[in-house]
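# Summary of the model geometry
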Amino acid sequence: MKTILAVAGVVIKELYRRKDFYVLFIVTMLICLIMASVRIFNDDKIVRYLKEMCLLLVWISSLVIAITTTARQIPAERENRTLLPLLAKPVTRTQLLLGKFLGCWLACGIALVCFYLFFGALAASREHHWPLLNYFQAASLHWFMLGIVIAMALLGSLVFAAPSSNSTICFVVVGGILLLGRHLDSVALTLPEPVRSAFLIVYYSIPHLEFFDVRDLIIHDWPLIHWGYYGLALIYGIGYMVVFLTGASLVFRRQSVN
Amino acid sequence: MAAILKAENLRVEFRSREAAQGTKVALRGLNLEVNAGEVFGYLGPNGAGKTTTMNVLLGFVQPTSGAASLFGIDVRQPIARQRIGYLPELTYYYKFLSAEELLRFYSTLFDLSRLEADRRIDELLKLVELEHARKRPIRTYSKGMQQRAGLAQALINNPDLLVLDEPTSGLDPLGRMKVRQIIQRLKGEGKTVFFSSHELGEVETVCDRVGIIHQGELKVVGPISEIRQPRHANLEQAFLEIIGFETQSAS
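This is a predicted model, so every value here is computed, not measured.

In this section: helix H2 (residues 99–109) of chain B. Counting buried residues in H2(B) gives nine out of eleven residues, a clear majority hidden from the surface. Within two residues after H2(B), Asp111(B) carries a phi angle of roughly 60°, on the positive side.

Next comes the structure, spelled out in structure tokens:
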């Protein structure tokens, strides 16, 4: 565990010492700040639309941070040849992967805390109330969704050599799942066999990231999700993380490092 | 003397990406032993199989056939790497870390206690003359400084066997001299050093034994005094003769 934490520590240090993270963070904050400070048509209810847009921006920013950070981890280690002295230590490849995963996931978690704190403070300044448990459920499910995306990007970084191609594929897959994933089963029912079965197989095998999108809890102050369902969603997320990380470990173990 | 590094009948084949090129044989039945306490120079022209040998010995590449062990443990076991230090050729260490942070990170991988790690880091930064730059990010280091930081990371666990892949590659004469001094100092401490190099003068100065590899085959192994015959003006001449340079150029 000490080894995994040490590798994770380096990943976190890297993210917070890079300028691109701060640029993204500041740009997101500035846009949110400007949106929160305008009064459109003097309508008090407009704040919900602004919250929706700001949260969407936070979601996009967090996905950009998660995918771009993860996609470059192993390729950068190969390119700079730091993978060699690292694996020449008593470190297994699985430990290295778990360290990379944990580092990226924790780094994204810290970024999410910053985003949600800022967003919460901004929203509270307009609405004068802060439903803490709603924020907790929305942010933690968001974080688990990022965990699945990070595990998937890590697997992709071992399959696709170039970080840019891996990032692009991850963005397309994640965007596709978030926008279309929930409709695949209804589309399947309108199709003839064997396309219907193929669509259903895809529907039941992809990680349904939309389960983790509970922004409405914050935007519309909806009642909390039942804690049982919340727990099931977390287990579902962990399940997919394990699947992707196992796949990554199996691929990495077979690869030559030179 | 006991052999602490052993390669038996190692064969490594790489499948070429282009089907027409077929399979490339990087090592052809390599047998090699390095004894405790000796400095062993591993020589060969570019593409001879030096780095591939090291990659197999460190578990980075699976051999097609044959076996390799470090301290009697199969190289595929991570524990085999507990007592070794490795300096790869041309590595660009984490630019956002300082030398001190880099060494602390590697010390954690060996499970060194905080106190032991502090002591080792101070000692090594002094040895490689990076004390003055210990807090500076590695991106601000010159190439020689980066190579010395690399040497320090290879020594963090006080290894019994040091594997160095062209440690002086790309360094200026001063940098080369410093690395050579460090190897000699380690030799004085009774450490085993296995290193590859193109600098034959340097090999002649520090090595007890050398092995010459060419086209994946180990051509000769022995003390320099045996390899360099009276007819050779220097080790370079012996080296060229062994790899068949004169024969090739004549034909």
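Working note: regular strand, side chains alternate between the two faces of the sheet. Residue and element names in this part refer to chain B. Looking at chain direction, strand E1 (residues 3–15) and strand E4 (residues 65–70) are connected through five bridges and run antiparallel. Following the sheet pairing, Ala7 is matched in E4 by Ala68. Note that E4 and strand E5 (residues 73–74) share two bridges and pair antiparallel. Within E5, the residue paired with Ser69 across the bridge is Asp74. Hairpin connection, E4 to E5: the antiparallel pair is bridged by two residues, and Phe71 has positive phi, about 55°.

On to the environment of Gly175(B). Residue and element names in this part refer to chain B. Mapped onto the fold, Gly175 is located in helix H5 (residues 173–188). Note on Gly175: relative accessible area 10%, which makes it buried. Separated by 79 residues in the primary sequence, Gly175 and Phe96 have C-alpha atoms spaced 23 Å apart.

Turning to the packing of helix H2 (residues 19–37) of chain A against helix H3 (residues 46–79) of chain A, a few remarks are in order. Residues and elements named next belong to chain A. Contact pair H2 / H3: the axes reach a minimum separation of 10 Å and the direction vectors enclose 175°. Classified by the angle between their axes, H2 and H3 sit roughly antiparallel to one another. Across from Asp20, Phe21, Leu24, Thr28, Ile31, Cys32 and Met35 in H2, the residues of H3 making contact are Leu50, Met53, Cys54, Leu57, Val58, Ser61, Val64, Ile65 and Arg72. Per-class residue counts for the contact of H2 with H3 are twelve nonpolar, two polar and two charged.

Let us now look at the interface of chain A and chain B. Each partner contributes residues to the interface: chain A has 26 residues there, and chain B has 30 residues. Contact between chain A and chain B buries roughly 2600 Å² in total, counting both sides, with carbon and sulfur atoms accounting for 62%. Of all residues in chain A, Arg81(A), Lys89(A) and Pro90(A) give up the largest surface area on contact with chain B, accounting jointly for 23% of the area buried on that side. Measuring nitrogen to oxygen at the nearest pair gives 2.9 Å for the salt bridge that ties Lys2(A) to Asp111(B). Across the contact surface, chain A and chain B share twelve residue pairs in polar contact (both at pLDDT 80 or more). Elements that contribute at least two residues to the side of chain A that touches chain B include exactly helix H1 (2–17) and helix H4 (83–87) of chain A. Take the side of chain A that touches chain B: its biggest share by element is eight residues, from H1(A).

This model, assessed by the stated rule, comprises zero disulfides over all chains. The structure places no disulfide on Cys104(A), whose sulfur is separated from the nearest cysteine sulfur, that of Cys108(A), by 6.6 Å.

Quick notes on the rules
- Residues numbered from 1 in each chain as written.
- Chains lettered and ligands numbered in written order.
- Predicted model: local features only at pLDDT ≥ 70, side-chain atom pairs only at ≥ 80, totals over all residues.
- Heavy atoms only, no water.
- Buried < 20%, exposed > 50% of the residue type's maximum accessible area, 1.4 Å probe, protein only.
- Helix = DSSP H or I, 4+ residues; strand = E, 2+ residues; numbered from the N terminus.
- Pairing = 2+ DSSP bridges.
- Axes fitted to C-alpha atoms, helices over the stretch in contact; angles between N-to-C directions.
- Parallel < 35°, antiparallel > 145°, perpendicular 65-115°, else oblique.
- Contact = heavy atoms within 4.5 Å.
- Nonpolar A, V, L, I, M, F, W, Y, C, P; charged D, E, K, R; others polar.
- Buried area = accessible area lost by both parts, 1.4 Å probe.
- Salt bridge = Lys/Arg side-chain N within 4 Å of Asp/Glu carboxyl O.
- Polar contact = N/O pair within 3.5 Å; in protein donor to acceptor, adjacent residues only side chain to side chain.
- Disulfide = S-S within 2.5 Å.

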